[in-house]
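As a plain string of letters, each chain reads:
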Amino acid sequence: MSKKTDSNVYTVLFAIGMVLVVGSLLAGISSMLKGTIESNKRIEKQQNILYAMGVNENDESSAVFVSKDIVEKEFPKYIKKQLVIEGTNVSEDQKAYLIDVKKQQALAKEGKVRKLPLFVGEKEGKTFYIAPIRGKGLWDAIWGYVAMDKNMVVQGVFFDHKGETPGLGANIKQRFFMDDFTGEDLKNNGQFKGITVSKSNADPKNEDKNDNEVDAIAGATITGDGVAAMIKSELKLYVPYFKTLK
C-alpha cells in the first residue's frame, strides 16, 4: 500500500499550503518595506527634478545627483512652487511631484482631463520651470525632466529608462547626451516645435541652439526617436501655460 505522502491529494494540498505560506511571507515583507520603497521613490523624483535645473554634484564628465542624505532639505530651497495644470486651471500643490505621469497619460487616452505637474525653481537669480515627461524607447518606458525658462528654452534635462540597451539606448542618461539639450529652443519662429534627436545633424558640436536638433547616439535610433517624441508630445501640453507668462 502506498504511503499517504505519495498520493496526488497530498501533493496538491502540500503545494497549496506552500503557496499560501510563501504568499503570506511576501505580502508581509512588501508591507514592511512599503514605507522605504515610497521614500526612495520620493527621493529619486526630487533628485531628478533638481538635477534638471542644475542642482547636482556633477564632475567633469559624470552625472551625479544631490546626495540622498540632503536632498529632502535641498528640494524646498530651490523648488519654490509646485503647480498642477488641469486644462485652464492652475493650482499649487506641495505634493505635485508625487503625481504619476503614466496614470495621467492613461486618463488622457480615456478622454479625461490630465493633471500636468510643473515645478518652479530658483537658482542664482534665475527662474526655472521643470516638467516631467514620459514616453517609449526601444524596449520599454523612458522618462525625464526638462527645465526651461519662461521662453521655453531648455536650461537642463535628465533622462532615464527602464530597459534600453547598455552602451546604446541606455546612454540617454549620460552627460554627453543630456548636456546637448541645454540652450536648445523648443520653439521655431515663435511656434512650438520640440527637439529632434537627429542622425543627420549637421551640428555635431551643438553650437546652433536654434535648429531644434541634437546629435543622435550611434546605434540607438529608436531610443533617440522616443526621446524626441516624448519631448514634443509632452511639452506641447505646457504651451498654453507658458503663454500666460508673457
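Residues numbered from 1 in each chain as written. Predicted model: local features only at pLDDT ≥ 70, side-chain atom pairs only at ≥ 80, totals over all residues. Heavy atoms only, no water.

**Overview of the overall build of the protein chain**
Here comes step 1: A count of helical and extended segments in the protein chain gives 6 helices and 10 strands.
Here comes step 2: Relative to all contacts within the protein chain whose residues are 6 or more apart in sequence, the contacts with residues 24 or more apart total 57%.
Here comes step 3: Summing over all exposed atoms, the protein chain offers an accessible surface of approximately 14,200 Å²; the carbon and sulfur share of this is 55%. (Helix = DSSP H or I, 4+ residues; strand = E, 2+ residues; numbered from the N terminus. Contact = heavy atoms within 4.5 Å. Areas by Shrake-Rupley, 256 points an atom, 1.4 Å probe, with all protein chains shown as cover.)

**Considering the side chain of Gln82**
Here comes step 1: With respect to the secondary-structure elements, Gln82 resides in strand S1 (residues 79-86).
Here comes step 2: Take Gln82: its relative accessible area is 4%, and that puts it in the buried class.
Here comes step 3: Among the polar contacts made by the side chain of Gln82, one reaches the main-chain amide nitrogen of Ala96 at a distance of 3.2 Å. (Buried < 20%, exposed > 50% of the residue type's maximum accessible area, 1.4 Å probe, protein only. Polar contact = N/O pair within 3.5 Å; in protein donor to acceptor, adjacent residues only side chain to side chain.)

**With respect to helix H5 (residues 221-235)**
Here comes step 1: For H5, spanning 15 residues, the distance from its first C-alpha to its last is 21 Å, which sits close to the expected 21 Å at 1.5 Å a residue.
Here comes step 2: Regarding H5, the residues found buried are Thr223, Gly224, Gly226, Val227, Ala228, Met230, Ile231, Glu234 and Leu235. (Expected span 1.5 Å × (residues − 1).)

**Description of the nonpolar core**
Across soluble globular proteins, you tend to see nonpolar side chains buried next to one another.
Here comes step 1: Among the nonpolar cores identified, the biggest contains 37 residues, and Phe159, Phe181, Leu186, Val227 and Leu235 are the most heavily contacted of them.
Here comes step 2: Looking at this core, the elements that each hand over two or more residues are S1, strand S3 (116-123), strand S4 (126-136), strand S5 (141-148), strand S6 (154-161), helix H4 (175-178), H5 and helix H6 (239-243).
Here comes step 3: Ranked by residues supplied to this core, first place goes to H5 with 5 residues.
Here comes step 4: Look past the residues within four positions of Leu186 in its chain and what remains in contact with it is Met148, Met152, Val154, Gln191, Phe192, Lys193, Gly194, Ile195, Asn212, Ile231 and Leu235.
Here comes step 5: By size, the runner-up hydrophobic cluster in this structure holds 19 residues, among which are Val71, Val84, Tyr97 and Ile99. (Core = buried A, V, L, I, M, F, W, Y, C linked by side-chain atoms within 4.5 Å.)

**Some thoughts on unusual backbone geometry**
Here comes step 1: In this model, Met152 sits at a positive phi of 65 degrees, which is unusual for a non-glycine residue.
Here comes step 2: Along the chain, Met152 falls in the loop between S5 and S6.
Here comes step 3: Residue classification places Met152 among the buried residues on the basis of a relative accessible area of 3%.
Here comes step 4: Look at Asn189: it is not a glycine, yet its phi comes out positive at around 55 degrees.
Here comes step 5: Relative to the helices and strands, Asn189 is located in the loop between strand S7 (187-188) and strand S8 (191-192).
Here comes step 6: Looking at Asn189, the relative accessible area reads 78%, which means it is exposed.

**Considerations on the sheet that holds S6**
Here comes step 1: Pairing within the open sheet is antiparallel, and its 6 strands lie in the order S2-S1-S3-S4-S5-S6. Here the strands that pair on one side only, and so sit at the sheet edges, are strand S2 (89-92) and S6. Taking the axes of each pair of neighbouring strands and ignoring which way they run, one obtains an average angle of 25 degrees across the sheet. (Pairing = 2+ DSSP bridges. Axes fitted to C-alpha atoms, helices over the stretch in contact; angles between N-to-C directions.)

**Some remarks on the pairing of S3**
Here comes step 1: Most of S3 is tucked away: 6 of the 8 residues are buried.
Here comes step 2: Sheet topology places S1 next to S3; 6 bridges connect them, and they run antiparallel. Bridge pairing in S3 links Val84 to Pro117.
Here comes step 3: As paired elements, S3 and S4 share 5 bridges and run antiparallel to each other. Bridge pairing in S4 links Val120 to Tyr129.
Here comes step 4: Counting the residues between successive antiparallel strands, the hairpin from S3 to S4 contains 2 residues, one of them, Glu124, with a positive phi of roughly 50 degrees.

**Digging into the environment of Ile43**
Here comes step 1: Tracing the backbone shows Ile43 in helix H1 (residues 8-52).
Here comes step 2: Placed 25 residues apart in sequence, Ile43 and Lys68 show a C-alpha to C-alpha distance of 6.7 Å.
Here comes step 3: Those residues within four positions of Ile43 in sequence are excluded, and the remaining contacts are Lys68, Val71 and Glu72.

**A closer look at the packing of aromatic side chains**
Here comes step 1: Taken as a whole and assessed by the stated rule, the structure comprises 10 aromatic pairs.
Here comes step 2: By way of ring pairs, the aromatic residues Tyr51, Phe65 and Phe158 are connected into one cluster. (Phe/Tyr/Trp six-rings, centres within 6.5 Å; stacked < 30°, edge-to-face > 60°.)

**Considerations on a nonpolar patch on the surface**
Here comes step 1: Taken together, Leu13, Ile16 and Leu20 make up a surface patch of nonpolar side chains, about 310 Å² in accessible area.
Here comes step 2: Tracing the backbone shows Leu20 in helix H1.
Here comes step 3: The exposure class of Leu20 is exposed, given its relative accessible area of 56%. (Patch = residues over 30% accessible without salt bridge, like charges linked within 9 Å, V, L, I, M, F, W, Y side chains within 5 Å. Salt bridge = Lys/Arg side-chain N within 4 Å of Asp/Glu carboxyl O.)

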